[in-house]
Amino acid sequence: MSSPSKRREMDLMKLMMSDYKVEMINDGMQEFYVHFHGPSDSPYHGGVWRIRVELPDAYPYKSPSIGFVNKIYHPNVDEMSGSVCLDVINQTWSPMFDLVNVFEVFLPQLLLYPNPSDPLNGEAAALMMRDRTAYEQRVKEYCEKYAKPEDVGAAPEEKSSDEELSEDEYDSSDEAVAGPVDP
């Protein structure tokens, strides 16, 4: 059986080779950010979140710590800290799971099927149970306000940061800012 540090490296490499953008926080492999996109068939569609992941020394025998960095409106996510209330991650974690499972299965399931009866955000849970349409509208408002690609440091998909500016975009018009030159 491989050591926890080997498994940590292997899972992290597998995550980096998938479609997720991963940013290391420091030189170690225990803390990093992952850019996570909201599931298609949900009010979170179009949202992009920066998820902070912290792997404990005993990973994979102990679950990773997961938190949303930018705000999300969800009954099972603490609005201020971004902490996630997710049984699979917090209580039923197994070494059979890996980091890709977290981002391809657990988090999408959390967003698709919120559990308002076990809330970290009581207001979101109450609104969801009282008025599902108003809840989904609030989710969309939060996505537009806090979960755009630029909110996680990603360039919008239409234009990447390595593309050069066209001449029109690069050529700033100083006259427009300062006004016409005095005769």
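Residues numbered from 1 in each chain as written. Predicted model: local features only at pLDDT ≥ 70, side-chain atom pairs only at ≥ 80, totals over all residues. Heavy atoms only, no water.

Named according to an unreviewed UniProt entry, the protein chain is E2 ubiquitin-conjugating enzyme originating from Nyssa sinensis.

Asks: Is there a simple way to think about the overall build of the protein chain in this case?
Replies: Along the protein chain, the regular secondary structure elements total 7 helices and 4 strands. Written out in order from the N terminus, the α and β elements of the protein chain read α-β-β-β-β-α-α-α-α-α-α. Looking at the protein chain as a whole, 38% of its 183 residues are labelled buried. A sequence separation of at least 24 residues applies to 54% of the contacts in the protein chain between residues at least 6 apart. Carbon and sulfur atoms provide 50% of the accessible area of the protein chain, an area that totals close to 11200 Å². (Helix = DSSP H or I, 4+ residues; strand = E, 2+ residues; numbered from the N terminus. Buried < 20%, exposed > 50% of the residue type's maximum accessible area, 1.4 Å probe, protein only. Contact = heavy atoms within 4.5 Å. Areas by Shrake-Rupley, 256 points an atom, 1.4 Å probe, with all protein chains shown as cover.)

Asks: Sorry if this is basic, but what is going on with the packing of helix α1 (residues 4-17) against helix α3 (residues 99-112) here?
Replies: Between two packed helices, both the angle of their axes relative to each other and the distance between the axes serve to describe the pair. Between α1 and α3, the shortest axis-to-axis distance is 7 Å and the interhelical angle comes to 45°. Classified by the interaxial angle, the pair formed by α1 and α3 is oblique. Contacts between α1 and α3 involve D11, L12, K14 and L15 on the former and, on the latter, L99, V100 and F103. Looking at the contact of α1 with α3 residue by residue, the class counts come to 5 nonpolar, no polar and 2 charged. (Axes fitted to C-alpha atoms, helices over the stretch in contact; angles between N-to-C directions. Parallel < 35°, antiparallel > 145°, perpendicular 65-115°, else oblique. Nonpolar A, V, L, I, M, F, W, Y, C, P; charged D, E, K, R; others polar.)

Asks: Where do I start with the pairing of strand β3 (residues 48-54) in this structure?
Replies: A regular strand carries its side chains on alternate faces of the sheet. Where strand β2 (residues 31-37) and β3 come together, 7 bridges link them in antiparallel fashion. Counted as the bridge partner of E31 is E54 from β3. Inspection of the sheet shows β3 paired to strand β4 (residues 65-68) by 4 bridges, in the antiparallel sense. Within the sheet, the bridge partner assigned to E54 lies in β4 and is S65. (Pairing = 2+ DSSP bridges.)

Asks: Which parts of the structure should I look at to understand helix α5 (residues 132-146)?
Replies: Look at α5: 21 Å from first C-alpha to last across 15 residues, which is about the 21 Å you get at 1.5 Å a residue. Looking at α5, one finds that the buried residues are Y135, V139, Y142 and C143. All buried residues of α5 project into a common sector of 105° when viewed along the axis, lining one side. α5 presents T133, E144 and K145 as exposed residues on the side facing more than 90 degrees away from its buried surface. Buried residues along α5 sit in contact with β3 and α4 (122-130). (Expected span 1.5 Å × (residues − 1). Arc of directions from axis to C-beta.)

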